[in-house]
Amino acid sequence: MPSDGLKVVPAGRPLNTTAIALMVMLCLSWGFNQITVKLALPDIPPLTQAAIRSAGGLMIILIVAWFRGVSLFKRDGTLRAGLIAGIFFGVEFILIYRGLVYTTASRAVVFLYIAPFVVALGSKRFLGEQLIRLQWGGLALSFVGVALAIGVPQPSVDAGVIMGDVLVMAGGILWAVTTLIVKATPLLHAPAEKTLAYQVAVSVPILALGAAVSGESITHMPGALAWGLMIYQTVWIVGITFLIWVALVKTYSASKLSSFTFMTPLFGVVGGYFVMHDTLTLAFAGAALLVMAGLYLVNRPGEPAGNPLLPVTENDT
């Protein structure tokens, strides 16, 4: 072991076909989740939705961990990093939802996806993953595609809208930081169930407090549709897709995985077309091509994944 107290562990490897297929499935699920949140709003306010799905998602994670024989309470030096990740996870959603009070949903989607750039920068600094110029260009191309798909820039931007943009951007940064914490701390060696359990468990009181401070309340008994949508968010989104995401982050290149999340808003637009009868334009088709081209540049076969070895601090008890 090096004298400076650092462990040397393998860096995340490039994405294979299975990882790419899983990321497409995750982004499709997350894109349609935006629709479920919007459809449930008349019955359940946004931060209340987030608190409910985190609480219910924790139950799903506990069941999965029990079924797979994973111990969640064994001392393994992950407590500090897990609590920090959980705090960031909870605050992230508060920033995003509060930002949506001031800015539009379309602008929020664009500013949220600063996250892949933050992951790429953090991966270079903390994980030894080095993107070449062509890959940075691919990230930029995908970002432009997302902006074109949503219809940004938009006119009539005032100080309130800019405040909302800043809040959402801060949420995107916390999303990226949480990903890096999982990758660059002892959480890397913990089971995916335990890593995600930290995040959702800590986020429950944070989100509940945020809902209370925001004055949210459920004024009537939610209907069957709203409860069905909450089951989708709780069981599938938090309990299954977030767990798959954490497992992928532990195994593959963080920057390349994060680049695939640019597909999420595209699937959200498509979901709006099929579910809410929104319109699709030729600009959207061009935007989708830009995103796909950007993803190809970031994940070109044969591109270096970065330094195959990276330092990870010793377990922090």
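Not measured: the values here are computed from a predicted model. (Residues numbered from 1 in each chain as written. Predicted model: local features only at pLDDT ≥ 70, side-chain atom pairs only at ≥ 80, totals over all residues. Heavy atoms only, no water.)

A.B. asks: Please explain the overall build of the protein chain as it appears in this structure.
C.D. replies: A count of helices and strands for the protein chain gives twelve helices and two strands. In the protein chain, the order of α-helices and β-strands from amino to carboxyl end is β-α-α-α-α-α-α-α-α-α-α-α-α-β. For the protein chain, the residues scored as buried account for 52% of the 317 residues in total. Once local pairs closer than 6 in sequence are excluded, the contacts in the protein chain between residues at least 24 apart make up 91%. Accessible area of the protein chain: about 14,400 Å², with a carbon and sulfur share of 72%. (Helix = DSSP H or I, 4+ residues; strand = E, 2+ residues; numbered from the N terminus. Buried < 20%, exposed > 50% of the residue type's maximum accessible area, 1.4 Å probe, protein only. Contact = heavy atoms within 4.5 Å. Areas by Shrake-Rupley, 256 points an atom, 1.4 Å probe, with all protein chains shown as cover.)

A.B. asks: Whenever I open this one, the packing of aromatic side chains confuses me. Can you help?
C.D. replies: We describe a pair of aromatic rings using the distance from one ring centre to the other and the angle between the two ring planes. This model, assessed by the stated rule, comprises nine aromatic pairs. Ring centres of W30 and F242 lie 6.2 Å apart, and the angle between their planes is 70°; on these two criteria the pair is classed as edge-to-face. Of this pair, W30 sits in helix 1 (residues 17–40) while F242 sits in helix 9 (residues 224–251), and the two are 212 residues apart along the sequence. Residue classification places F242 among the buried positions, given a relative accessible area of 13%. (Phe/Tyr/Trp six-rings, centres within 6.5 Å; stacked < 30°, edge-to-face > 60°.)

A.B. asks: Explanation requested: the nonpolar core in the structure shown.
C.D. replies: As a rule of thumb, soluble globular proteins bury nonpolar side chains together. In terms of nonpolar packing, the biggest core is built from 68 residues, with M23, W245 and L257 touching the most fellow members. Not counting chain neighbours up to four residues away, the residues in contact with M23 comprise L15, W245, L248, L257, F260, T261 and M263. (Core = buried A, V, L, I, M, F, W, Y, C linked by side-chain atoms within 4.5 Å.)

A.B. asks: When you look at helix 9 in this model, what are you seeing that I'm missing?
C.D. replies: An α-helical segment advances 3.6 residues per turn. Residues three or four places apart therefore align on the same side. Counted at 1.5 Å a residue, the expected span for helix 9 with its 28 residues is 40 Å, and the 39 Å between its end C-alpha atoms agrees. The principal kink in helix 9, of about 35°, is found at I237. (Expected span 1.5 Å × (residues − 1). Bend = angle between axes of the 7 residues up to and from the residue.)

A.B. asks: Is there a simple way to think about a nonpolar patch on the surface in this case?
C.D. replies: On the surface, L39, Y273, F274, V275 and L280 cluster together into a nonpolar patch covering about 440 Å² of accessible area. A total of three residues in the nonpolar patch trace back to one element, the largest contributor, which is helix 11 (residues 263–275). Looking at the element boundaries, L280 is found in the loop between helix 11 and helix 12 (282–298). (Patch = residues over 30% accessible without salt bridge, like charges linked within 9 Å, V, L, I, M, F, W, Y side chains within 5 Å. Salt bridge = Lys/Arg side-chain N within 4 Å of Asp/Glu carboxyl O.)

A.B. asks: Sorry if this is basic, but what is going on with the side chain of N33 here?
C.D. replies: Counting through the fold element by element, N33 comes out in helix 1. In contact with N33, other than residues within four places in its own chain, are R53, Y232, Q233 and I237.

A.B. asks: Explain helix 11 to me, please; I cannot follow it from the model alone.
C.D. replies: If you check helix 11, its first and last C-alpha atoms are 18 Å apart, about what 13 residues at 1.5 Å a residue would give, namely 18 Å. Taken together, the buried positions of helix 11 are occupied by M263, T264, P265, L266, G268, V269, G271 and G272. Just past helix 11, the residue H277 takes up positive phi, approximately 60°.

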